[in-house]
Amino acid sequence: MRDVCQTSCCIVGGGPGGAVLALLLARRGVPVTLLEMHKDFDREFRGDTIHPSVMEVLDQIGLAAPLHELRHSKVSGPTLRFANGPFRLFDLGRLKTRFPYILLVAQARFLEFLTGEAAKYPSFRLVMQAHVQRLVEEGGVVRGVRYLGPDGWHEVRSQLTVGADGRFSQVRQLGGIVPVKSAPPMDVLWFRLPRLPEDPDVAGGVLGGIGRGRILIVLDLCVVKNE
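Conventions and cut-offs
Residues numbered from 1 in each chain as written. Predicted model: local features only at pLDDT ≥ 70, side-chain atom pairs only at ≥ 80, totals over all residues. Heavy atoms only, no water. Patch = residues over 30% accessible without salt bridge, like charges linked within 9 Å, V, L, I, M, F, W, Y side chains within 5 Å. Areas by Shrake-Rupley, 256 points an atom, 1.4 Å probe, with all protein chains shown as cover. Salt bridge = Lys/Arg side-chain N within 4 Å of Asp/Glu carboxyl O. Helix = DSSP H or I, 4+ residues; strand = E, 2+ residues; numbered from the N terminus. Buried < 20%, exposed > 50% of the residue type's maximum accessible area, 1.4 Å probe, protein only. Axes fitted to C-alpha atoms, helices over the stretch in contact; angles between N-to-C directions. Parallel < 35°, antiparallel > 145°, perpendicular 65-115°, else oblique. Left-handed = near helix turned anticlockwise from the far one by under 90°. Contact = heavy atoms within 4.5 Å. Nonpolar A, V, L, I, M, F, W, Y, C, P; charged D, E, K, R; others polar. Pairing = 2+ DSSP bridges.

A. Structural view of a nonpolar patch on the surface. A cluster of nonpolar side chains, Phe-82, Phe-87, Leu-89 and Phe-90, forms an exposed patch at the surface whose accessible area comes to about 390 Å². For Phe-90, the position within the fold is in the loop between strand S6 (85-88) and strand S7 (102-104). Exposure remark for Phe-90: the relative accessible area of 39% places this residue in the partly exposed category.

Written out as C-alpha cells, the structure is:
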C-alpha cells in the first residue's frame, strides 16, 4: 500500500452526479475526495444535454450564469420527420421557467467547470486515473476504498463512500447491491458528424425520426451561438 488518505466522504465516479455532490459537500466544508478512473473527462459516450429542470437546480446553487459563459447551443424542441411532412412534437419555449430550452454543452467542459468550482474549496480533492478495485470494510461496515493509480495502490478511508460510477458501477458490484430496473433495455449509438453547408436547418435544434422500434435523433450543436 503506497499511502492512506483520510476524508469524510469518498465519491467514486467523476460524472455529473458525483461532481455536483462533491461540490455541494466542499461548499459546506466537508472533506471530500472524488475519484475518477480516466485521465481526463473527454469521453465520447458522455451526454451533452442539460435540461430545464437541471438548469433550475444549477441556478439555485449559483452556477447557471457562469455555465452559460461556456461554449454552448440551445434547443427548444424536436421536429419529427414523417412521410407527410415535419411535425413539431413540443416546444420548450412555452415552459414557465428562466431556462425554456435544453442547453447543449460538451460534458467534458461541464465536468471541468464543476470540478473547477469545487477546487475553490480547500476541503475538495480530485484524483484522476483512480481505478477502484476493493472496498475497505471493518466490522461489516464500509470504511472506504482501495484504488490502483499510475504509481501503485492507494487507500481512501472515509465515513461515507458513495458509488457514482455509472450503470456498470464497480462500487455497486463490490457491495453486492442489485440495481432496480425501472425501464426496458435500450442500445444507444452516439457519434458526431460535421455539419455541412448544404445540410438543412433543424427547427428547434432537434430532428427526430421513429420507426419499428428505432429512433433517430439529430442534435444541431450550431443552432445558437454563445450569448
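On we go from here.
B. Inspection of the packing of helix H1 (residues 16-27) against helix H4 (residues 107-118) at higher detail. Direction vectors running N to C along H1 and H4 enclose 15°, while the axes themselves pass 8 Å from each other. Between H1 and H4, the crossing angle belongs to the class labelled roughly parallel. The handedness of the crossing between H1 and H4 comes out as left-handed. Residues Pro-16, Ala-19, Val-20, Leu-23 and Ala-26 of H1 form the contact with H4, whose own contacting residues are Gln-107, Phe-110, Leu-111, Leu-114, Thr-115, Glu-117 and Ala-118. For the contact of H1 with H4, the residue count by class is nine nonpolar, two polar and one charged.

C. Representation of the pairing of strand S2 (residues 32-35) in the model. The side-chain alternation of S2 yields two buried faces, one formed by Val-32 and Leu-34 and the other by Thr-33 and Leu-35. Across four bridges, strand S1 (residues 3-12) lies against S2 in parallel orientation. By the bridge assignment for S2, Val-12 is matched with Leu-35. The pairing of S2 with strand S8 (residues 124-127) spans four bridges and is classified as parallel. Bridge pairing links Val-32 to Phe-124 in S8.

D. Structural view of the environment of Leu-89. Along the chain, Leu-89 falls in the loop between S6 and S7. Overall, Leu-89 belongs to the partly exposed group, its relative accessible area being 45%. Leaving out residues up to four positions away in the same chain, Leu-89 has contacts with Pro-78 and Leu-80.

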